[in-house]
Amino acid sequence: AWQQVPLAPPDSIFKLTTAYKADPFPQKVNVGVGAYRDDHNKPWILPVVKKVTAILLNDPTLDHEYLPITGLPEFISAAAKLILGSDSPALSEARVASVQTISGTGANHLGALFLSRYYPWNGQPVVRLSNPTWANHYAIFKNVGIAPNDYPYYHPVTIGLDYDGFLGALRDAVPRSVFLLHACAHNPTGVDPTEEQWAAIADVMLEKGHYAFFDCAYQGFASGDLDRDAFAVRYFVGRKVPLLVCQSFAKNAGLYGERVGALHVISSTTEEATRVRSQLSVLQRSEISNPPSHGARLVSLILNNPDLFEEWKRDIKTMAHRIISIRQELYDLLTQELKTPGNWDHIINQIGMFSFTGINPTQSQALVDKAHIYLTANGRISMAGLNSKNIRYFAENLDKAVRG
Ligand code: PMP
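Residues numbered from 1 in each chain as written. Predicted model: local features only at pLDDT ≥ 70, side-chain atom pairs only at ≥ 80, totals over all residues.

Stated formally: UniProt positions are given in the numbering used here, feature names are shortened, and annotations may be inferred rather than shown by experiment.
The protein is annotated in an unreviewed UniProt entry as Aspartate aminotransferase from Hydnum rufescens UP504. In UniProt, the protein has this text filed under Cofactor (unreviewed entry): "pyridoxal 5'-phosphate". According to its UniProt record, the protein has this under Catalytic activity (unreviewed entry): "L-aspartate + 2-oxoglutarate = oxaloacetate + L-glutamate".

## Some remarks on the site of the ligand
Our working rule: In this analysis, residues qualify as near a molecule or strand once their C-beta atom, positioned from backbone atoms, comes within 6 Å of it. Strands here mean DSSP runs of E at least two residues long; helices mean DSSP runs of H or I at least four residues long; both are numbered from the N terminus. Gly is put with the polar residues, along with every residue not named as nonpolar or charged; the nonpolar set is Ala, Val, Leu, Ile, Met, Phe, Trp, Tyr, Cys and Pro, and the charged set is Asp, Glu, Lys and Arg.
Every one of the 13 residues lining the ligand counts as a neighbour, but Ser 103, Gly 104, Thr 105, Ser 248 and Ala 250 are closest to it. The greatest single-element share of the shell around the ligand, amounting to three residues, is contributed by helix H5 (residues 103-118). Partitioned by chemical class, the residues of the shell around the ligand number four nonpolar, eight polar and one charged.

## What to know about unusual backbone geometry
That bond from Asn 131 to Pro 132 is cis: its omega, 5°, falls within 30 degrees of zero. Within the secondary structure, Pro 132 sits in the loop between strand S3 (126-131) and helix H6 (136-143). Cis geometry marks the peptide bond from Asn 187 to Pro 188; its omega dihedral reads 15°. Position of Pro 188 among the secondary structure elements: in the loop between strand S7 (178-182) and helix H8 (195-208). Although it is not a glycine, Ile 159 sits at a positive phi angle of roughly 50°.

## Topic: the UniProt feature "domain: Aminotransferase class I/classII large" (unreviewed entry) in the protein
When the UniProt feature table is mapped onto this chain numbering, "domain: Aminotransferase class I/classII large" (unreviewed entry) sits at residues 27-398. Annotation note: span residues 27-398, helix share 46%, strand share 15%, distance between end C-alpha atoms 14 Å.

## Focus: the domain arrangement of the protein
Stated precisely, the cut-off is as follows: An automatic or database domain assignment is the source of the domain bounds shown. Whether two residues are in contact depends on their C-beta atoms, placed from the backbone: they are in contact if these lie within 7 Å.
Splitting the protein by domain gives domain 1 (12-44 + 321-403) and domain 2 (73-304). Distance between the C-alpha centres of domain 1 and domain 2: 29 Å. Each partner contributes to the interface: domain 1 provides 15 residues, whereas domain 2 provides 19 residues. It is strand S11 (residues 354-356) that provides the largest number of residues to the side of domain 1 that touches domain 2, a total of three residues.

Written out as structure tokens, the structure is:
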């Protein structure tokens, strides 16, 4: 039956990891990876996660029954408070419809599916995506019949935000356009708007009646501070920009494979939120029936217990601060020791796991071919792949690639 099925190319990031694994070179470096690694280049199980795993194992009241369609109630409510803030007007006014999802990807999918069915489109369904963005955004929206269309975001000359281009696109877009915004730690650039820039973005969105589709995959992981990384979302909620938020616990709790996430749709009234929740529930039923319980239980314990919550915040700081200090170390090596040509300020100005180095595809390929340093062609590196043992090797080879 499948003679007509064409062979799909492998996912570029996973392909990179396969090539890295197969490479016998002892000093090889993987900076393509999108997951945290500790200073020994090992995945890190957060100590607080180890602790709550043991608590769950020894809890005689737990079983493997289905969760409700919208997820574990105490997880969803705590997750909503975490992103929106416990004093959020949207929460106190009961205007939030929250659903547990298959991590951030599932939240993006369910949000996109919901919009495809119910958003009052001004013409054909279109989502505006930052150029560049997480590659999966394209596929997720196309899958539900929403056409992706870029907006300017990254400026290759300044290696920073194309603020004028971005604002111009917001102004020129047809009213009620849907803009996907990265809540913090923009993937793949590591370039975020400042608080003042967010305010101006919100002004235009309100003026034009645009909808903000927030993707928040790195709360806490970016700056080490859960509240600071939630600034944009909370600010937009305060300004009453119509919005939804996709939330992932993959990075900030190191629960990649457990698929813990949530979708929060903010409405203007409780009654509207009730209707939205009912339809999200109908969509969820046909997609996955019920979300998985284990990861949601882990996160729920952490969020709902003040001591565990404090411990989690310390673990988050451990990860975020290692990444921030690696940025500084790389910056110092390039600017002070190696005197690598060009400006490298963006290495310390960008935020989160990823950094756009500004090197071109030829230079990226040279790093792979000559130095066994694995990165994507767009010059994005994951800071998590660098550590005290390989950073000098990496910096020296980046220097060589830049000098040509
Ligand atoms: N959105 C963005 C911008 C991401 O970077 C990621 C992780 N790579 C996700 C969503 C979703 O990840 P997950 O499904 O593992 O939560």
